[in-house]
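Below, each chain spelled out in residue letters.
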Amino acid sequence: MEYTDLRILYEDTDITVCIKPVGISSEDSPTEKGIIGLLSERAGKPLHLLHRLDRNVGGVMVFANNKKGAATLSKDIAEGKLKKEYLAVLDGIPEEKSATLKDFLFKDSRKNRSYVVNRIRKGVKDASLEYEVKRETENKALVHIILHTGRTHQIRVQFSSRKLCLTGDIKYGSKDRTNCQIALYSHKITFTHPTTKEEMVFSSEPDSSIYPWQLFKGE
């Protein structure tokens, strides 16, 4: 992928907001450029990565264009002031149409996998999110999610631990092997501009022509 293919939603001297395509990492690796590398190439200078999306998850991301903006936004993220909202398709329908999920998560860095555990110990962090079922089919649900914390694979593992795997998420137990990626999308972010202090809101919808999003076309 070339940087010219990126969909930019907004940019000024302090921030860049874009849509991360599915299949591209957030960070660079020795063998390929991630979204941060492509944006930096486009800008002609290094940009600053503030948050991450898994390779197979697309959607809205914000980046800082300078160190001052990065410091301000990183502090806001650490304090929970950047609001992240997602859309997901679940293999199954939750009994509760809306709820808050709270768990303790342990990340196994060697396996790049997170697990729900029953007590706090070294390496365990609390995780919290809230969801609302927006629409249902016979055996799947489209849910809107607001993250309270930002743990590795948090949405994926919290739902899979309740036998509600994200469609296409084979790593965390989905049995749906239809030609699809993980059905998770960074739908909306809300934050305060690091310089103007204006509230910034950006949103995007997943491609409704692709399974399983096509099941909820028009939602």
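Here the structure is shown first, and the text comes after it.
No experiment lies behind these values; they were computed from the predicted model shown.

### Considerations on the overall build of the protein
Link 1 in the chain: Each helix and strand counted, the protein has 3 helices and 11 strands in total.
Link 2 in the chain: In the protein, the succession of helices and strands from N to C terminus is β-β-α-β-β-α-β-β-β-β-β-α-β-β.
Link 3 in the chain: For 219 residues, the compact-globule estimate of 2.2 N^0.38 gives 17 Å, and the protein sits close to it at 17 Å.
Link 4 in the chain: When the backbone C-alpha atoms are referred to their principal axes, the protein occupies close to 45 × 45 × 35 Å.
Link 5 in the chain: As presented, the protein carries roughly 11,600 Å² of accessible surface, and 46% of it is formed by carbon and sulfur atoms.
Link 6 in the chain: Placing the 36 positive and 30 negative side-chain charges of the protein at their respective mean positions leaves the two points 7 Å apart.

### Re the pairing of strand β1 (residues 7-11)
Link 1 in the chain: Strand direction decides the pairing type here: β1 and strand β2 (residues 15-20), joined by 4 bridges, are antiparallel. Residue pairing across strands places E11 opposite T16, the latter belonging to β2.
Link 2 in the chain: Between the antiparallel neighbours β1 and β2 lie 3 residues.

### Focus on the pattern of salt bridges
Link 1 in the chain: Counting across every chain of the model gives 15 salt bridges.
Link 2 in the chain: R55 is paired through a salt bridge with E32; the nearest N and O atoms lie 2.2 Å apart. On the criterion of sequence distance, the pair formed by R55 in the loop between β3 (48-49) and β4 (58-64) and E32 in the loop between β2 and α1 (35-43) is long-range, its members being 23 residues apart.
Link 3 in the chain: Overall, the relative accessible area of 34% leaves R55 in the partly exposed class.
Link 4 in the chain: E41 serves as the salt-bridge partner of K33, at 2.1 Å between the closest nitrogen and oxygen.
Link 5 in the chain: Residue class for K33 comes out partly exposed when judged on its relative accessible area of 45%.

### So, the side chain of S174
Link 1 in the chain: With respect to the helices and strands, S174 occurs in the loop between α3 (154-160) and β10 (184-192).
Link 2 in the chain: For S174, a relative accessible area of 2% puts it in the buried group.
Link 3 in the chain: In terms of polar contacts, S174 uses its side chain to reach the side chain of D91, at 2.6 Å.
Link 4 in the chain: In this structure, S174 is in contact with D91, C165, L166, T167, G168 and D169, ignoring residues within four places of it in sequence.

### A look at α1
Link 1 in the chain: Within α1, burial applies to I35, I36, G37, L38, L39 and S40.
Link 2 in the chain: Packed against the buried residues of α1 are β1, β2, β3 and β4.
Link 3 in the chain: Backbone geometry just after α1 places G44 at a positive phi near 75°.

### Brief notes about the environment of L82
Link 1 in the chain: For L82, the position within the fold is in the loop between α2 (67-78) and β5 (83-91).
Link 2 in the chain: Separated by 110 residues in the primary sequence, L82 and T192 place their C-alpha atoms 7.6 Å from one another.
Link 3 in the chain: When residues no more than four places from it in sequence are discounted, the contact partners of L82 are V62, D76, I77, I189, T190 and F191.

### Considerations on the layout of surface pockets
Link 1 in the chain: There is about 980 Å³ of room inside the largest pocket.
Link 2 in the chain: Only α2, β5, β9 (140-147) and α3 provide two or more residues apiece to the lining of the largest pocket.
Link 3 in the chain: Its boundaries defined by the atoms lining it, the second largest pocket holds a volume of some 290 Å³.
Link 4 in the chain: Surrounding the second largest pocket, 21 residues form its lining, V22, Y185, D207, I210 and W213 being those nearest its centre.

### As for the pairing of strand β6 (residues 98-108)
Link 1 in the chain: Two strands pair when backbone bridges link them, and β6 and strand β8 (residues 124-136) are joined in this way by 9 bridges, in the antiparallel orientation. Looking at β8, one finds that F106 is bridged to V124.
Link 2 in the chain: Where β6 and strand β7 (residues 113-117) come together, 5 bridges link them in antiparallel fashion. In the strand pairing of β7, D108 is matched with R113.
Link 3 in the chain: What sits between β6 and β7 in their antiparallel hairpin is a turn of 4 residues, with N112 showing a positive phi close to 50°.

### Considering the environment of R52
Link 1 in the chain: With respect to the helices and strands, the residue R52 is situated in the loop between β3 and β4.
Link 2 in the chain: Taking relative accessible area as the criterion, R52 reaches 49% and is therefore assigned partly exposed.
Link 3 in the chain: Setting aside anything within four residues of it in sequence, one finds R52 in contact with S26, E27 and M61.
Link 4 in the chain: There is a polar contact of 3.0 Å between the side chain of R52 and the side chain of E27.

Criteria and thresholds
- Residues numbered from 1 in each chain as written.
- Predicted model: local features only at pLDDT ≥ 70, side-chain atom pairs only at ≥ 80, totals over all residues.
- Heavy atoms only, no water.
- Helix = DSSP H or I, 4+ residues; strand = E, 2+ residues; numbered from the N terminus.
- Rg over C-alpha atoms; globule rule 2.2 N^0.38 Å.
- Areas by Shrake-Rupley, 256 points an atom, 1.4 Å probe, with all protein chains shown as cover.
- Lys, Arg positive; Asp, Glu negative; His and termini not counted.
- Charge placed at Lys NZ, Arg CZ, Asp CG, Glu CD.
- Pairing = 2+ DSSP bridges.
- Salt bridge = Lys/Arg side-chain N within 4 Å of Asp/Glu carboxyl O.
- Buried < 20%, exposed > 50% of the residue type's maximum accessible area, 1.4 Å probe, protein only.
- Polar contact = N/O pair within 3.5 Å; in protein donor to acceptor, adjacent residues only side chain to side chain.
- Contact = heavy atoms within 4.5 Å.
- 1 Å grid on protein atoms, 1.4 Å probe; cavity = no way out; pocket = protein on both sides within 12 Å on 5 of 7 lines; lining within 4 Å.
- Points joined across faces, edges and corners; volume = space filled by probe spheres on them.

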